[in-house]
Every structure is written in structure tokens, then in C-alpha cells.
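Structural overview for review
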Amino acid sequence: MCTVCGCGEGEARIEAHDHHHHHHGDESPGSRLVRIEQDILAKNNEYAAANRRHFSERGIHCLNLVSSPGSGKTALLIRTLNDLKGEFALGVIEGDQQTSLDADRIRETGVPAIQINTGKGCHLDGHRVGHALESLKPERGSLLFIENVGNLVCPAAFDLGEAHKVVILSVTEGEDKPIKYPDMFHAADLMLLNKIDLLPHLDFDRERCIDYARRVNPRIKVIQTSARTGEGMADWYQWLRASRQMALAGHPVLAGEG
Amino acid sequence: MHELSLCESLLQIMERSAVEQGYSRVKRVWLEIGALAGVEVEAMRFGFDVATRGSLAEGAGLEIIELPGEAWCMACAKKVPVRQRYDECPACGGCQLQVTGGDQMRIKELEVE
């Protein structure tokens, strides 16, 4: 009763026909085989696609910020919001396992923010972000930042519908992180090498770190920043403007608005 | 670390398929996991047992087909095997590799009744 080869009673509902079946005829009586052929993350990818449609219709440019805990991601985001709030409509979705401390810090800048607590979960997923959008209702044409749970492993696999993943690595971490956590550096389009004001006190080899990142992702862009002194922040904003403009090119309403 | 969520997604796919295809129990599951998919096979087995408890797939056998990583070396203009994303080309030692296979995690097939 193999539904793949259609060799049992007429229950076959499958298009594909595969005669190299590794376990054909192996099943016990009364059972049958059902071909699925689906990505395990198919469900998440459907939610992410719905989010992406939502963003695209409203000209919302969404960035998914990922890093290990303690990279200075929230401080960098707060400085970014303060520097850009006169220029763009902004919004933030904050992901943490517990507490709304980060969303509270963000709201102090005057930018609307919503906290998602993942509880035991180690990453945000497309479904939760979709619900957060219903409450946050980011403005048309806005820049939306999603601050993912501090974790360099799991968020790599979960598409949220963002335009880009931006990975933040601080120089107080090991320079070999890009090859220790290659999936994340592979998935990101931009790496912000943060806390560079601390370099004089550290043995961090910048060139080697960037070389490692390019090894796992030859296309990755790198900007060196210090959210504390402001060094490199202008380059990061320039990247944000440019990537937003690229994304909005051809948008029926918002193209050309800058 | 995210293997448990993957198993929860897997369970949702099985539950949806059970309604569409009219079955009530899953006895065996075949997955294809690539070497570059970022999935620990042992964690996946553990997550599967936890996620399927009390479900239509409780006690189901989990067959994991592990697929090797594969990349295209631009310098050599050929396919080469890789174990990690940052591997150098085993032939020329270069880093101009484009991963072409082994990053998938797919549910292939179920044995059901």
C-alpha cells in the first residue's frame, strides 16, 4: 500500500514517483506511506512570507538584529533611534526570554516598541512577529528594527520576513566567533563590529575577525562602530538609508520619497 | 538548541497532513538533514520524543537521513565536499566556495495508519 509507487489499493495521492525507495515494502500490514517532501520550517516560512508581504505593501523596511548576549545591541539600537528619529518613522520589536526591560529602554527614546517574551524559546519566529505587528502597527514607510533574542545559533534558521539580518559582534568577544557560529554570519548581510572604542585595551585582531566573517560569507559587508563614542555610526546610517532606498525602488507610493 | 522548535514544526506538519490524508497515527518519520543545516541529530531525536508525547506520533520511529555538505568551488569550477561553511576547498585551498547542498532539513515521508 505504498502511496509513493501506488502499489497498494487506490489511495495514491502523490504526484512524484520514486522507484529508488530506500525502505519500500518495509512497512507493517495496515500501514501506508505518505510522501510529505516539505521543509521542516515550512510553517515558519509561511508566516515570514506573510510578514514580508505586510512590509512590502506598506513600504516598511525591516531589519532583524542578531548577536550574542552582551554585544551592546540594545545600546547601539537606542543611539540609532535617537539619531534617526527626526528622519524616519521608527518602530521596534524586542525579543527577550523574560522581562520588558529592553522595550522600556527603547520607549524612553519616544519610539514605539513592543516586547515579545519568548519564555523558554531561544529565538523569535515568524508567527510571533506577525502578532507583534498587529499590536505595534508600524507606520507606512517606517524603519522597523527587530531585536532578536541574544543568541548566535537559533535565530539564524528562523526567517521573520525581514529585509536583512544584521549581526552585531563586539570586540570584547572572540575574533573567531564568525567561524564558531558560521550559520549566523552566513545568514547576515551586514556585520557591525561594535565597541571598537575598547580596542586599545584588548588583543582583538580585527583583520582576522573580518577575514573569518568573509570566509563564511563572501558577500557580507562590515562596518566598525562604537555606540558609545559614535565612531562609525554615520556609516551604519548610510547603509540603512541605502538599503531602504533599494528596497523601496519601484514601490508604487513610496519610491522617491527618500 | 532550536531542535525542539523544529520538532514542534514537524508535529504541526504531521497533524495537518493527518487531516488532509485521513490517518490517525504516525509510526515512522523520515527526515533529511544536511550536514550544514545547523541541526544536531541527537538533539533532534531528543526533541522529537518530547514534542510528540501525547500526539499522533507518540512512540514513532525517527529515521534521519544525513546528507553531506557540498559546495561549488569557483576557482576549480567543480563540486567539492565540505564539512562546515568555512571550509576551504579541499582541492585548491581557496575560500571561494558557494554551498550548493547539505543545508536542507526536510520531512520526506511518513509511515502512517
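The structure reproduced in this document is the subject of the present report. These figures come from a predicted structure and were not determined experimentally. (Residues numbered from 1 in each chain as written. Chains lettered and ligands numbered in written order. Predicted model: local features only at pLDDT ≥ 70, side-chain atom pairs only at ≥ 80, totals over all residues. Heavy atoms only, no water.)

1. Here we look at the overall build of chain A
What chain A contains, in helices and strands, is eight helices and eight strands. Counting only residues that meet the buried cut, chain A has 54% of its 258 residues in that class. Summarising the internal contacts of chain A: among those between residues at least 6 apart in sequence, 69% fall at separations of at least 24. Surface accessibility of chain A: about 11,600 Å² in total, with carbon and sulfur atoms responsible for 48%. (Helix = DSSP H or I, 4+ residues; strand = E, 2+ residues; numbered from the N terminus. Buried < 20%, exposed > 50% of the residue type's maximum accessible area, 1.4 Å probe, protein only. Contact = heavy atoms within 4.5 Å. Areas by Shrake-Rupley, 256 points an atom, 1.4 Å probe, with all protein chains shown as cover.)

2. Examining the nonpolar core
By size, the foremost hydrophobic cluster in this structure holds 32 residues, and its most contacted members are Met14, Val26, Val29, Leu31, Ile107 and Leu110 of chain B. For this core, the elements supplying multiple residues, two or more each, are strand E1 (32-39) of chain A together with helix H1 (3-21), strand E1 (26-34), helix H2 (41-52), strand E2 (61-67) and strand E6 (105-112) of chain B. It is H1 of chain B that contributes the most residues to this core, seven residues altogether. When residues no more than four places from it in sequence are discounted, the contact partners of Leu31 of chain B are Ile40 of chain A together with Leu10, Met44, Leu62, Glu63, Ile64, Ile65, Arg106 and Ile107 of chain B. Core analysis: the next-biggest nonpolar cluster, separate from the first, contains 27 residues, Leu90, Val92, Ala113 and Ile223 of chain A among them. (Core = buried A, V, L, I, M, F, W, Y, C linked by side-chain atoms within 4.5 Å.)

3. Some words on the side chain of Asn194 of chain A
When you line up the elements, Asn194 of chain A lands in strand E7 (residues 190-194). Discounting chain neighbours no more than four positions away, the residues touching Asn194 of chain A are Ser71, Gly72, Leu76, Ile168, Leu169, Ser170, Val171, Thr225, Ser226 and Ala227 of chain A.

4. Here we look at the sheet that holds E6 of chain B
If you trace the four strands from one edge of the open sheet to the other, you get E1(A)-E6(B)-E1(B)-E2(B), paired in mixed fashion. Every interior strand has two partners, whereas the edge strands, E1 of chain A together with E2 of chain B, have only one. Sheet twist, expressed as the average angle between the axes of neighbouring strands with direction ignored, equals 15°. Sheet analysis places E1 of chain A next to E6 of chain B, joined by six bridges and oriented antiparallel. Within E6 of chain B, the residue paired with Leu33 of chain A across the bridge is Glu111 of chain B. Contacts from H1 of chain B reach E1 of chain A together with E1 and E6 of chain B, with the element oriented near 130° to E1 of chain A. Together, E1 and E2 of chain B form the strand contacts of H2 of chain B, whose direction differs from that of E2 of chain B by roughly 160°. (Pairing = 2+ DSSP bridges. Axes fitted to C-alpha atoms, helices over the stretch in contact; angles between N-to-C directions.)

5. What about the pairing of E7 of chain A?
Residues and elements named next belong to chain A. Counting buried positions over the five residues of E7 gives five, a clear majority of the element. Of the two faces of E7, the one lined by Leu190, Leu192 and Asn194 and the one lined by Met191 and Leu193 are each fully buried. Pairing geometry for strand E6 (residues 164-170) and E7, over five bridges, is parallel. Note on E7: the bridge partner recorded for Leu169 is Leu193. Strand direction decides the pairing type here: E7 and strand E8 (residues 221-224), joined by four bridges, are parallel. Of the residues in E8, the one forming a bridge with Leu192 is Ile223.

Function-wise, these values are silent; they only describe arrangement.
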